[in-house]
Amino acid sequence: MQEKSKTRKQTGTFLIEGKREIELAIRGEYKLKTILYCPSFVDYNTIQHLAHPTEIIEINQDVYQKLAYRDTTEGLLAVAASRSLDLSDLRLPKNPLVLVAESPEKPGNIGAMLRTADAAGIDAVIIADPKTDLYNPNVVRSSVGGLFTNQIATGTSTEVIDYLKQNNIAIYCATLQDSTPYFSPDYQKPTALVVGTEATGLTQIWRDVSDQNIIIPMQGALDSMNVSVAAAILLFEAKRQRNFK
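Figured I'd write up the structure that's included with this text. (Residues numbered from 1 in each chain as written. Predicted model: local features only at pLDDT ≥ 70, side-chain atom pairs only at ≥ 80, totals over all residues. Heavy atoms only, no water.)

**A few points about the side chain of serine 228**
Residue position: serine 228 is located in helix 9 (residues 227-241). Judged by relative accessible area, which is 10%, serine 228 ranks as buried. Every residue in contact with serine 228, bar those within four places of it in the chain, is listed here: Asn109, Ala112, Met113 and Thr116. (Helix = DSSP H or I, 4+ residues; strand = E, 2+ residues; numbered from the N terminus. Buried < 20%, exposed > 50% of the residue type's maximum accessible area, 1.4 Å probe, protein only. Contact = heavy atoms within 4.5 Å.)

**Remarks on a negative patch on the surface**
On the surface, Asp86, Asp89, Glu159 and Asp162 cluster together into a negatively charged patch. In this fold, aspartate 162 is placed in helix 7 (residues 157-166). Taking relative accessible area as the criterion, aspartate 162 reaches 38% and is therefore assigned partly exposed. (Patch = residues over 30% accessible without salt bridge, like charges linked within 9 Å, V, L, I, M, F, W, Y side chains within 5 Å. Areas by Shrake-Rupley, 256 points an atom, 1.4 Å probe, with all protein chains shown as cover. Salt bridge = Lys/Arg side-chain N within 4 Å of Asp/Glu carboxyl O. Lys, Arg positive; Asp, Glu negative; His and termini not counted. Charge placed at Lys NZ, Arg CZ, Asp CG, Glu CD.)

**Side note on empty space enclosed by the protein**
This model, assessed by the stated rule, comprises 1 cavity of 30 Å³ or more. One number sums up the size of the largest cavity: a volume of about 90 Å³. Around the largest cavity, the lining residues are Leu15, Ile16, Glu17, Glu21, Tyr69, Arg70, Pro137, Val140 and Arg141. Residue assignment for the lining of the largest cavity shows that the elements contributing at least two residues are strand 1 (13-17) and helix 5 (137-142). By residue class, the composition of the lining of the largest cavity is 5 nonpolar, no polar and 4 charged. (1 Å grid on protein atoms, 1.4 Å probe; cavity = no way out; pocket = protein on both sides within 12 Å on 5 of 7 lines; lining within 4 Å. Points joined across faces, edges and corners; volume = space filled by probe spheres on them. Nonpolar A, V, L, I, M, F, W, Y, C, P; charged D, E, K, R; others polar.)

**As for the layout of surface pockets**
To find leftover empty space, a probe the size of one water molecule is rolled over the atoms. By volume, the largest pocket amounts to about 470 Å³. Forming the walls of the largest pocket are 22 residues, and the residues nearest its centre are Ala174, Thr175, Leu176, Asp223 and Ser224. Looking at the lining of the largest pocket, the elements that each hand over two or more residues are strand 11 (212-215) and helix 9. Within the lining of the largest pocket, the residues separate by chemical class into 12 nonpolar, 7 polar and 3 charged.

**Focus: the environment of serine 82**
Looking at the element boundaries, serine 82 is found in the loop between strand 4 (76-81) and strand 5 (97-102). Residue classification places serine 82 among the partly exposed positions, given a relative accessible area of 28%. Counting along the chain gives 120 residues from serine 82 to leucine 202, while the straight-line C-alpha distance between them is 29 Å. Each residue touching serine 82, except ones within four places of it in the same chain, is listed here: Gly12, Thr13, Phe14 and Tyr135.

**Some thoughts on the sheet that holds strand 11**
If you trace the 7 strands from one edge of the open sheet to the other, you get 7-6-5-10-8-11-9, paired in parallel fashion. A single partner strand is all that each edge strand has here, and the edge strands are strand 7 (152-155) and strand 9 (179-181). This sheet shows a mean twist of 30° between the axes of neighbouring strands, independent of strand direction. As paired strands, strand 8 (residues 170-174) and strand 11 are joined by 3 bridges and run parallel to one another. By the bridge assignment, alanine 174 is partnered in strand 11 with isoleucine 214. Seen against the sheet, helix 7 touches strand 5, strand 6 (124-128), strand 7, strand 8 and strand 10 (191-195) and runs at an angle of roughly 145° to strand 6. Those strands touched by helix 9 are strand 5, strand 8, strand 10 and strand 11, and its axis lies near 160° from that of strand 10. (Pairing = 2+ DSSP bridges. Axes fitted to C-alpha atoms, helices over the stretch in contact; angles between N-to-C directions.)

In structure tokens:
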């Protein structure tokens, strides 16, 4: 996986699988370099509209199955150019709602958070101190196209904190220490909701800059939940307060 990530970074490209995801990438203004299709599974006439000005290459079933990650087969892949994930490239409105995730490692969790961010219609997702390549095929797949429908940026925690402060965005950290219930603060102003890993939570650098620590009260025997689920609860509370605007 490390070698594959290195290759993606060196070539500036990554692989997209599936017609819907490719269409969302095009809508998100990602540049497609090549479309690969397997005529055993998909007819050329159904995909040629995706091609302009991208080249289309026919591949056989053996090649396709070596490249494909999914169990379900659509017969369609695309090689796309990676985009900049710099914080400076974000274009936020006057009253942004942002999700920050510190060091998420599992591609499935990242993908789920991107899906939630799209569903909630928030303004950006920022990954602080990323441990996983965002163009990892498992992130692309688990996001179900959310990688292409959200504004996304990465940076070190220090860089992300500086960015939030420079843009006067309040920081609400999901952590156990000195916390108030998540539904208590006012999220109608510029807001960043910050979540950490399930294993260790947020690091001290985030706790030190938090404007208010927040907690999701737990009613059962366990003291934690999946980070993507926690992010969803927080985001939709913020959207509720904003009347889903």
